[in-house]
Amino acid sequence: MLLILTLLLACGTRNQERRLVAPEQATTLDHQSPWLKVHMRNGDLYVLSQWRSDSISGTVTGNGQHLDHNRVVQTDGPQQVAMDSVALLETNVLHRSPGIAAMAVMTGISAAVTVVCLADTKACFGSCPTFYVSDGERPLLQAEGFSGSIAPALEARDIDALYRARPQGRAFDVQLKNEALETHVIRYARILAVPRPAQGRVLATQDGRFLEASRLTAPSVCRAAEGDCLADVTAFDERERSSTADSTDLATRETIDLEFPDLRNLRSPGLVIASRQSLLTTYLLYQTFAYLGTRATEALAMLERADRPHGPAMLGILGGIEVMVDSAGQWVTVGNDFEVGPLATDVRVVRLPSIPFSLSPSPPDPILGEGV
């Protein structure tokens, strides 16, 4: 800590003063700014150095780049801009901050927070709104909101099963927490209640349809790379099967082989999958932002303008759970399930063909077999 404080005292910190000026007030521009950003009415942008504003000719001149509304460079070199086409002028000046003592205190606080985050990663990195509902004994994490909605263009409707909820009496309390202290916009949160069959469940499909499940049947065999995995996948009891990512290829797939008792008498069989992500996808998302550097906001802006495919591409590359059935010796894909959130386990059902089958989903997640 002494070394850190010494470096801070030696280097000091700087504050950036940003000013926006209307074109008719160009004479008030801060000429200490080495750069001038000229925001045009049509959405274009000029970033100029060695700039000068001329009130007589009504122009701004300088050396720099002209970028279009997509922030794609159009020209690079000497620029002259007519003031009557300008929306705003922006200057940025760095000033040395006198608050180095405060920075030293904050550095100590930051070190303490780092220790806390290492002890409880969810408190610092669980970036999605979390929902707690009682299981009859204590409030339990049962759902999280819009895990993939990292920008307004990715806004989506999210349905999560409160699978272990056990209301006490007629009251049904749902507690919403913001455990990462991030800014979220939730348009609405609704509790969907449907009639439940005796000794059964109501389950959602990936596309948001609801199906009644009248019989639960656990697999009789579960095999994975590490061997027998039956104990980890036969019940929704907070005991999970997980595996480490491949050290050289994060998109490497793996397989779980499941065998079930004879289910040929089921009218419409299905596979119930209880799953959640690890924090790997969260890490990759923020590491991608880090690689983008100063262009991260530009990439998000492109996403907002819909001139790039929606959705983080890496999620599609990593893939979800592909469900396949063995039909007469041929493996046939019958459905997929994908859960983005790393905190709360969600439960969905994938419908299966009414034939004798064995299943092979990948990558692995806690799984239950069920007749629907």
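Residues numbered from 1 in each chain as written. Predicted model: local features only at pLDDT ≥ 70, side-chain atom pairs only at ≥ 80, totals over all residues. Heavy atoms only, no water.

### Details of the overall build of the chain
Looking only at helices and strands, the chain has seven helices and 20 strands in total. Within the chain, the proportion of its 372 residues that are buried is 37%. Summarising the internal contacts of the chain: among those between residues at least 6 apart in sequence, 65% fall at separations of at least 24. Here the chain displays about 22,000 Å² of accessible surface, and carbon together with sulfur accounts for 54% of that area. (Helix = DSSP H or I, 4+ residues; strand = E, 2+ residues; numbered from the N terminus. Buried < 20%, exposed > 50% of the residue type's maximum accessible area, 1.4 Å probe, protein only. Contact = heavy atoms within 4.5 Å. Areas by Shrake-Rupley, 256 points an atom, 1.4 Å probe, with all protein chains shown as cover.)

### Details of the pairing of strand β13 (residues 221-224)
Only one face of β13 is covered, namely the one carrying Cys222 and Ala224; the face carrying Val221 and Arg223 has none of its residues buried. Sheet analysis places β13 next to strand β15 (residues 257-259), joined by three bridges and oriented antiparallel. What sits directly across from Cys222, in β15, is Leu258. Relative to strand β14 (residues 227-228), β13 runs antiparallel, the two being bridged by two bridges. Within β14, the position partnered with Ala224 by the bridge is Gly227. (Pairing = 2+ DSSP bridges.)

### Considerations on the sheet that holds strand β7 (residues 130-134)
A sheet is described by the order of its strands in space; here three strands give the open sequence β8-β7-β9, paired in antiparallel fashion. In the strand order of this sheet, the two ends are held by β8 (139-144) and β9 (175-177), each with one partner. Within the sheet, the average angular offset between the axes of one strand and its neighbour, ignoring direction, is 35°. Looking at chain direction, β7 and β8 are connected through five bridges and run antiparallel. Bridge pairing links Phe131 to Ala143 in β8. (Axes fitted to C-alpha atoms, helices over the stretch in contact; angles between N-to-C directions.)

### Quick word on the pattern of salt bridges
As enumerated under the stated definition, the model contains twelve salt bridges in all. Asp207 is the partner of Arg209 in a salt bridge, and the nearest nitrogen-oxygen pair spans 3.3 Å. A residue is classified by how much of its surface remains accessible, and Arg209, at 42% relative accessible area, is partly exposed. Classification of Asp207 as exposed rests on a relative accessible area of 54%. Put simply, Arg241 and Glu226 hold a salt bridge, and the shortest N to O gap is 2.6 Å. Linking Arg241 in the loop between α4 (230-233) and β15 with Glu226 in the loop between β13 and β14, this pair joins segments that are 15 residues apart in sequence. The partly exposed category is assigned to Glu226, whose relative accessible area is 47%. (Salt bridge = Lys/Arg side-chain N within 4 Å of Asp/Glu carboxyl O.)

### A short note on empty space enclosed by the protein
Inspection of the entire model under this criterion finds two cavities of 30 Å³ or more. Considering only enclosed or pocket space, the second largest cavity measures out at about 50 Å³ in volume. Around the second largest cavity, the lining residues are Leu141, Gln142, Ala161, Tyr163, Arg164, Phe236 and Thr345. Residues of the lining of the second largest cavity, tallied by class, amount to four nonpolar, two polar and one charged. (1 Å grid on protein atoms, 1.4 Å probe; cavity = no way out; pocket = protein on both sides within 12 Å on 5 of 7 lines; lining within 4 Å. Points joined across faces, edges and corners; volume = space filled by probe spheres on them. Nonpolar A, V, L, I, M, F, W, Y, C, P; charged D, E, K, R; others polar.)

Fair warning: the whole summary comes from geometry, so function is off the table for now.
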